[in-house]
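# A structural walkthrough
Letter by letter, the chains look like this.
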Amino acid sequence: MSSTATTPLVEVTNLSVHFRNADATVHAVNGVDFTLNAGEVLGILGESGSGKSVTLKTLMRLLPEKKTTIGGGMRVAGHDVLSLDRAGLIAFRGRVASMIFQEPMLAFDPVFTIGQQIAETVIQHEGVSREVAMARALEMLERVQIPSAKRRLEAYPHEMSGGMRQRAMIALALACKPQLLLADEPTTALDATVQIQILLLLRQLQKEMGMAVIFVTHDVGAAVEVSDRIAVMYAGRFVETGDVRTVIRKPGHPYTQGLLAANVLPGTGIHAGKRGDRIEAIPGAPPNMVTLAPGCAFEPRCKWAEERCGTKVPEPLPSADGGAAHLVRCVRAVA
Amino acid sequence: MFTYILKRILYVIPIGLAVSLVCFSLVFLAPGDPLSAILPPDATTELIERLKADYGFDKPLPVQFGKWVLRAAQGDLGTSIATGRPVNSEIAKAISNTFMLAMFACGIGFSFGLVFGFVAGYVRNTWLDKVVTGIAVTGVSLPHYWLGMVMVIIFAVLLDWLPAMGAGAGGSDAWAWDWEHVRFLVLPAVTLSFIPMGIVTRTTRAVVAEILNQEFVQALRAKGMDSLGVFKHVVKNAAPTLLAVMGIQLGYLLGGSILVETVFSWPGTGFLLNTAIFQRDLPLLQGTILFLAMFFVVLNVLVDILQSIFDPRIRR
Ligand SMILES: Nc1ncnc2c1ncn2[C@@H]1O[C@H](COP(=O)(O)OP(=O)(O)O)[C@@H](O)[C@H]1O
Ligand SMILES: [Mg+2]
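Quantities reported herein were computed from a predicted structural model and do not represent experimental measurements. Along each chain, residue indices are assigned from 1 in the same order as the chain's sequence is written. Chain A is the first chain written and ligand 1 is the first ligand written, with later ones labelled in order. At least 70 in pLDDT is required for a residue's local features to be given in this predicted model, at least 80 for side-chain atom pairs to be given and counted, and no such filter applies to totals for whole chains, interfaces and linings, which use all residues. The side-chain values count all of the structure's non-hydrogen atoms but skip hydrogen atoms and water molecules.

All names here are of chain A. Across the sheet, 8 strands lie side by side as β6-β7-β8-β3-β9-β10-β12-β11; this open sheet has mixed pairing. Two strands in the sheet have a free side with no partner beyond their single neighbour: β6 (97-100) and β11 (317-319). The average undirected angle you get between the axes of adjacent strands in this sheet is 25°. Two strands make a pair as long as DSSP finds a minimum of two bridges between them. Strands here mean DSSP runs of E at least two residues long; helices mean DSSP runs of H or I at least four residues long; both are numbered from the N terminus. In terms of strand pairing, strand β3 (residues 41-45) meets strand β8 (residues 212-217) through 5 bridges, oriented parallel. Residue pairing in the sheet places Val 41 in a bridge with Val 213 of β8. Orientation is described by lines fitted to C-alpha atoms, with helices fitted over the stretch in contact, and by angles between N-to-C directions that extend from 0 to 180 degrees.

Below, the structure is given as structure tokens:
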């Protein structure tokens, strides 16, 4: 990890996101803090509905403004994201920070060719001619190792396989050399073998281009594969943050322990059956995001729950044996 | 792409045959004898037989049909019983009038419909959306002929701004592109434009709203496209559906509106059809219906081809 003398690329402080619906308020994100240095990969791990996508979309200001209340602060590469105006946002998105999505089929416009869709991004940000933009598109397709890239430039999204589409999506996202890539479950919709290829490609491109990545997933194996640090998300909070080794070897939060028990971890020595073989290790229902509990959100499902767990949300504190970089929001993890 | 277009064009032949059979037999399903309308009540049997032979009504129906189709394929639709003029020239005259009317009506209806629809789709569920959608629904629901009469009362009778009937001095033969003649188009064209306006507004609103909800629009914003850039994507995605709807609407209007053309005495195909029905002018009626039906078939093929150009997925 890089030195701490320079300011981090991403600084998120006490981020909260609430959606006001007609009948209820959804507390999607409830106080997320983290920093990310240039060239570093943060994996956000959490089950469906824990607020991962909302966190990423907030970083891009993609949420519907009218019904969304955002609290806290976000700085990315010197930009105060929450106070960007229209023009500022357009210049920020795709250039400073880019995003790739879970379903590349849905993220591409079906009636434009892959080449056109990459080229228009380059034209939008760099004001270059069509020829230059197309040349960049070709270069990017080659970079993400799409075979016969020249022909693929003219392909429509439906003419490609899922893995090729995700490669093309990565090519698009990286076309303007962003400093930060936000990846929202980019391998979830793909076959297992293709998943690994995409993860390796992402890791390789991240190293080559030196960009920072926030990689969101519910798959522990994928998170371990690409991340330097891992944040475990539950009910809109990071319940545990630390570098990959520490979190995997010495999980401090009961939720993380449950997640790890339910997954296979390549190369970690923990084995629990075949990949994709989900074991119900955490009993109980996911948390209610409308009526937030006053204490630890995991308390109703936690086998170690005590009386004090239900009164106050635990602060993220250094774990007993993981050092200062390993923060856990659990009263038991602290010595 | 080319084979797709060729295939679509070849489909016209069997459909055309089926359509002409239906046109031909439909008329014979109606009761009454076409000749009785032009014959004096005291006509001798001899005269009736001679006229039947002249018009070919004495032959068995399949033979009549075969002859009719063969001649129709060569562009000859027979002679009008009422006027004695070729059906072709009667239709040709009426078409040019209906065409003019339809183009004006579509020009007005599509422009307003597209603008209203895009605005409503972009600001859906706001008060502006509700106003625009309200206008569209009203436009579709109002009966045409009633609207036409209201227009006549307001703009022709009360205000006396525009003429109420016909195509100007000398009828359609003396048509010219000056205000003296064009002003006769205004009221029927505006009346006719309400339905395409309403339908195009509703369709556009629904299509635009649906596209804006798709994930790729969020992806476009995420890569930094400005509003104009996103708009281009919305337009190209909406185009196939909108073209189809507008094509069909244009088709309906080109088919001529019996009611509106009758209200305004506009000498188009609808008016012609009306005349043919009331005069029991069988050749004119068959010819006009066949022409209109074939017109719809060809129109559908054109719409299909245009759609395939906009949406590559259709071609497969
Ligand atoms: N636009 C929205 N309006 C209302 N609620 C939303 C919206 N987007 C997400 N949510 C809610 O926020 C919570 C977190 O969602 P999300 O971040 O998508 O979860 P995940 O971790 O699976 O990506 C969920 O309860 C979801 O229903
Ligand atoms: Mg998600």
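This part covers a nonpolar patch on the surface. Residues and elements named next belong to chain B. The patches described consist of residues with a relative accessible area above 30% and no salt bridge, like charges being joined within 9 Å and nonpolar side chains (Val, Leu, Ile, Met, Phe, Trp, Tyr) within 5 Å. Only the protein chains shown count as cover for residues, and the accessible areas themselves come from Shrake-Rupley with a 1.4 Å probe. Salt bridges are counted wherever a side-chain nitrogen of Lys or Arg sits within 4 Å of a carboxyl oxygen of Asp or Glu. Together, Val 115, Val 119, Trp 127, Leu 128, Val 131 and Ile 135 give the surface a local cluster of nonpolar side chains, amounting to about 540 Å² of exposed area. Secondary structure elements with two or more residues in the nonpolar patch: α5 (87-122) and α6 (127-141). Examined against the element boundaries, Val 119 turns out to sit in helix α5.

Another aspect to go through is the interface of chain A and chain B. Taken together, the contact pairs 26 residues of chain A with 21 residues of chain B. Throughout, buried area stands for the accessible area (probe radius 1.4 Å) lost by two parts on being put together, summed over both. Summing both sides of the interface, chain A and chain B together bury roughly 2,200 Å²; the carbon and sulfur share of this comes to 57%. With a closest N to O distance of 2.9 Å, Glu 120 of chain A and Lys 223 of chain B form a salt bridge. In protein, a polar contact requires one atom able to donate a hydrogen and another able to accept it; more generally it is a pair of N or O atoms within 3.5 Å, and residues adjacent in sequence count only if both atoms are side-chain atoms. For the pair chain A and chain B, the number of links is 12 residue pairs in polar contact (both at pLDDT 80 or more). Of all the secondary-structure elements, those providing two or more residues to the side of chain A that touches chain B are α2 (86-92), β6, α3 (104-107) and α4 (114-126) of chain A. Looking at the side of chain A that touches chain B element by element, the count peaks at 5 residues for α4 of chain A. Classifying every residue of the side of chain A that touches chain B gives 14 nonpolar, 6 polar and 6 charged. Residues count as neighbours in contact if any of their non-hydrogen atoms are within 4.5 Å of one another. By the convention adopted, Pro, Cys, Tyr, Trp, Phe, Met, Ile, Leu, Val and Ala count as nonpolar, Lys, Arg, Asp and Glu as charged, and the other residues, Gly among them, as polar.

Quick look at helix α4 (residues 61-73) of chain B now. Residues and elements named next belong to chain B. The span you would expect from a helix comes to 1.5 Å times its residue count less one. The first and last C-alpha atoms of α4 sit 18 Å apart over 13 residues, in line with the 18 Å expected at 1.5 Å per residue. Burial status follows relative accessibility: with a 1.4 Å probe on protein chains alone, a residue under 20% of its type maximum counts as buried, one over 50% as exposed, and anything between as partly exposed. Those residues of α4 not exposed but buried are Gln 64, Phe 65, Trp 68, Val 69 and Ala 72. Down the axis of α4, the smallest arc covering the buried residues is 125°, so these residues share one side. In α4, the exposed positions angled more than 90 degrees off the buried face are occupied by Pro 62, Leu 70 and Ala 73. In the stretch just after α4, Gly 75 is the one whose phi turns positive, near 90°. Directions from the helix axis toward the C-beta atoms define the arc.

Residues and elements named next belong to chain A. Read across the open sheet, the 4 strands follow the order β2-β1-β4-β5; overall the sheet is antiparallel. The two strands at the open ends of the sheet, each matched to only one other strand, are β2 (25-36) and β5 (79-80). When strand β1 (residues 10-20) meets strand β4 (residues 68-76), the two strands line up antiparallel, connected through 8 bridges. Bridge pairing in β4 places His 18 opposite Thr 69.

Turning our eyes to something else, we now look at the site of ligand 1. Residues and elements named next belong to chain A. Any residue with a heavy atom lying within 4 Å of a molecule or strand is counted as near it. Near ligand 1, the surroundings consist of 13 residues, among which Gly 49, Lys 52, Ser 53, Val 54 and Lys 67 are the closest. One nitrogen or oxygen atom from the main chain of Gly 51 is found 3.1 Å from an oxygen atom belonging to ligand 1. Ser 53 is positioned with one of its side-chain polar atoms (N or O) 2.6 Å from an oxygen atom of ligand 1. When residues of the shell around ligand 1 are traced back to their parent elements, those giving at least two are β2 and α1 (52-59). When residues of the shell around ligand 1 are assigned to their parent elements, the largest contribution, 3 residues, is made by α1.

What follows is about the environment of Ala 219 of chain B. As for its position among the elements, Ala 219 of chain B is in helix α9 (residues 215-222). Along the chain, Ala 219 of chain B and Ser 257 of chain B lie 38 residues apart, while their C-alpha atoms are 45 Å from each other. Once residues lying within four places of it in the same chain are set aside, the contact partners of Ala 219 of chain B are Phe 101 and Ala 107 of chain A.

Another point: the packing of aromatic side chains. Stacked, edge-to-face and tilted labels apply to pairs of Phe, Tyr and Trp rings (six-membered ring for Trp) whose centres lie within 6.5 Å, assigned for plane angles under 30 degrees, over 60, and everything in between, in that order. According to the stated counting rule, one finds 10 aromatic pairs over all chains in the structure shown. Geometrically, the ring pair formed by Phe 295 of chain B and Phe 296 of chain B is edge-to-face, given 5.8 Å between the ring centres and 75° between the ring planes. Classification of Phe 295 of chain B by relative accessible area gives partly exposed; the value is 22%. Judged by relative accessible area, which is 27%, Phe 296 of chain B ranks as partly exposed. Taken together, the aromatic side chains of Tyr 234, Tyr 255 and Phe 298 of chain A make up a single cluster linked through ring pairs. Geometry around Trp 304 of chain A places Arg 332 of chain A over its ring, the cationic atom sitting 4.4 Å from the centre. Counted as over-ring charges are cases with an Arg CZ or a Lys NZ within 6 Å of the ring centre that also lie within 35 degrees of the ring normal.

Turning our eyes to something else, we now look at the confidence of the model for chain A. Residue and element names in this part refer to chain A. Across chain A, pLDDT averages 89, with 92% of residues at or above 70. Confidence per residue, as judged by the predictor, is encoded in pLDDT with a range of 0 to 100. For chain A, per-element mean pLDDT is lowest for strand β12 (residues 323-328), which scores 86, and highest for β3, which scores 97. Note that pLDDT drops below 50 for residues 266-279; the model gives that stretch 25 contacts with residues more than four away or on any other chain.

This part is about the confidence of the model for chain B. Residue and element names in this part refer to chain B. The share of residues in chain B with pLDDT of 70 or more is 93%, and the mean pLDDT across the chain is 84. Mean pLDDT values for the elements of chain B range from 78 in helix α3 (residues 45-55) up to 95 in α9. Prediction confidence for the complex, expressed as pTM and ipTM, is 0.81 and 0.88 respectively.

Moving on, we come to the nonpolar core. With 82 residues, the main nonpolar core has Val 10, Phe 34, Leu 59, Leu 141, Ile 170, Leu 180 and Ile 214 of chain A as its most contacted residues. The biggest single contributor to this core is helix α7 (residues 162-174) of chain A, with 8 residues. Those residues in contact with Leu 59 of chain A that sit more than four places away from it in its chain are Val 10, Val 12, Phe 34, Met 74, Val 76, Val 81, Phe 92, Leu 182 and Ile 214 of chain A. By size, the runner-up hydrophobic cluster in this structure holds 36 residues, among which are Met 100, Phe 110, Val 200 and Trp 266 of chain B. Residues belong to one nonpolar core when they are buried, are Ala, Val, Leu, Ile, Met, Phe, Trp, Tyr or Cys, and are joined through side-chain atoms within 4.5 Å.

Here the focus is the packing of α4 of chain A against α7 of chain A. Residues and elements named next belong to chain A. Two elements in contact, α4 and α7, have axes whose closest approach is 9 Å; the angle formed by their N-to-C orientations is 20°. Comparing the axis directions of α4 and α7 gives the class roughly parallel. In this structure, α4 meets α7 at a crossing whose hand is right-handed. For the pair α4 and α7, contact is made by Ile 114, Gln 117, Ile 118 and Thr 121 and by Ala 168, Ala 171 and Leu 172, respectively. By residue class, the composition of the contact of α4 with α7 is 5 nonpolar, 2 polar and no charged. Here is the rule for angles: anything less than 35 degrees is roughly parallel, anything more than 145 is roughly antiparallel, 65 through 115 is roughly perpendicular, and the remaining ranges are oblique. Left-handed describes a crossing whose near helix is turned anticlockwise from the far helix by less than a right angle; the clockwise case is right-handed.

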